[in-house]
Amino acid sequence: MKCYCDTEKSYKECCEPYLNKNKLAKDALTLMRSRYSAYCSNNFIYLQDTIVEENCFEEDVELLYEHSKNTQWLKLEVVTKSNNQVEFKAYYKDNEKMMLHHEISNFIFFKDRWLYVDGEILKTKIARNEKCACGSGKKYKSCCAKK
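In this text the structure is predicted, and so the values were computed from the model without any measurement.

**What about the environment of Pro17?**
Along the polypeptide, Pro17 turns up in helix α1 (residues 16-19). By relative accessible area, Pro17 is classed as buried at 17%.

Put into structure tokens, the structure is as follows:
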């Protein structure tokens, strides 16, 4: 199976070792990609384990689980990256409606591992003429925008 994070690698050789805690992320980008895969696979424990302690959301795991029931993650696009920051777009369907999560995430290297600190969510719409994230090959305006 191809990895959720849209690399050309298989899930087994890409994000699975991180989610199974057999490997630590080597940089902020690797951590962001593995956290996206955790959302895709409903591995909310990994999300808790890879966030700075003061931002941990133990009480929100149930909320994440409830939200995930109607969410289908479709595509990850890395926009820019630096040493401790990654801008990305994550496309998903929520109750069959196409959505876009656009964020600039901040990371820190703390106690020999990378952790997610926080993020700035950007208000961005899916461009009508971009290729639809559902994989149909059609433009968004001719595909999921109509649904």
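**As for the side chain of Glu87**
Take Glu87: it is sitting in strand β2 (residues 85-94). It turns out Glu87 is buried and unbridged, and the closest side chain with the opposite charge, Lys89, is 6.6 Å from it. Here the side chain of Glu87 touches His102 through a polar contact of 2.6 Å, side chain to side chain. In this structure, Glu87 is in contact with Glu77, Val78, Val79, Thr80, His102, Glu103, Ile104 and Leu122, ignoring residues within four places of it in sequence.

**Quick word on the layout of surface pockets**
Taken as a whole, the largest pocket spans an internal volume of roughly 610 Å³. Contributing to the lining of the largest pocket are 24 residues, with Tyr39, Leu64, Trp73, His101 and Glu103 lying nearest its centre. Only α2 (28-40), α4 (61-68), β1 (71-81), β2 and β3 (97-110) provide two or more residues apiece to the lining of the largest pocket. Tallied by class, the residues present in the lining of the largest pocket amount to 14 nonpolar, six polar and four charged. In this structure, the second largest pocket occupies an estimated 270 Å³ of space. Forming the walls of the second largest pocket are 13 residues, and the residues nearest its centre are Ile51, Val52, Glu53, Phe110 and Leu115. Taken together, the elements giving at least two residues each to the lining of the second largest pocket come down to α3 (44-49), β3 and β4 (113-122). Examining the composition of the lining of the second largest pocket, we find that three residues originate from one element, β4, more than from any other.

**So, the nonpolar core**
Ranked by internal contacts, the top residues of the largest apolar core, which has 27 residues, are Cys5, Cys15, Leu19, Met32, Leu76 and Phe107. Elements with a minimum of two residues in this core: α1, α2, α3, β2 and β4. Of the residues forming this core, the biggest block, seven residues, is contributed by α2. For Leu19, the residues in contact, after removing those within four places along its chain, are Tyr11, Ser34, Ser37, Ala38, Ser41, Asn43 and Tyr46. Counting nine residues, the second largest nonpolar core, distinct from the first, contains Cys132, Tyr140, Cys143 and Cys144.

**A few points about the packing of aromatic side chains**
Here the structure, examined in full by the defined rule, presents six aromatic pairs. Summarising the aromatic geometry, the rings of Tyr39 and Trp73 are spaced 5.9 Å apart at their centres and angled 55° between planes, so their arrangement reads as tilted. With a gap of 34 residues between them, Tyr39 in helix α2 and Trp73 in strand β1 connect regions that are remote in the sequence. Look at Tyr39 and you get partly exposed, because its relative accessible area is 26%. The exposure class of Trp73 is partly exposed, given its relative accessible area of 23%. Over the ring of Tyr91 we find Lys75, and its NZ or CZ is 5.3 Å from the ring centre.

The rules behind these values
Residues numbered from 1 in each chain as written. Predicted model: local features only at pLDDT ≥ 70, side-chain atom pairs only at ≥ 80, totals over all residues. Heavy atoms only, no water. Helix = DSSP H or I, 4+ residues; strand = E, 2+ residues; numbered from the N terminus. Buried < 20%, exposed > 50% of the residue type's maximum accessible area, 1.4 Å probe, protein only. Lys, Arg positive; Asp, Glu negative; His and termini not counted. Salt bridge = Lys/Arg side-chain N within 4 Å of Asp/Glu carboxyl O. Polar contact = N/O pair within 3.5 Å; in protein donor to acceptor, adjacent residues only side chain to side chain. Contact = heavy atoms within 4.5 Å. 1 Å grid on protein atoms, 1.4 Å probe; cavity = no way out; pocket = protein on both sides within 12 Å on 5 of 7 lines; lining within 4 Å. Points joined across faces, edges and corners; volume = space filled by probe spheres on them. Nonpolar A, V, L, I, M, F, W, Y, C, P; charged D, E, K, R; others polar. Core = buried A, V, L, I, M, F, W, Y, C linked by side-chain atoms within 4.5 Å. Phe/Tyr/Trp six-rings, centres within 6.5 Å; stacked < 30°, edge-to-face > 60°. Lys NZ or Arg CZ within 6 Å of the ring centre and 35° of its normal.

So, to be careful, I would describe these as geometric facts and stop short of saying anything about function.
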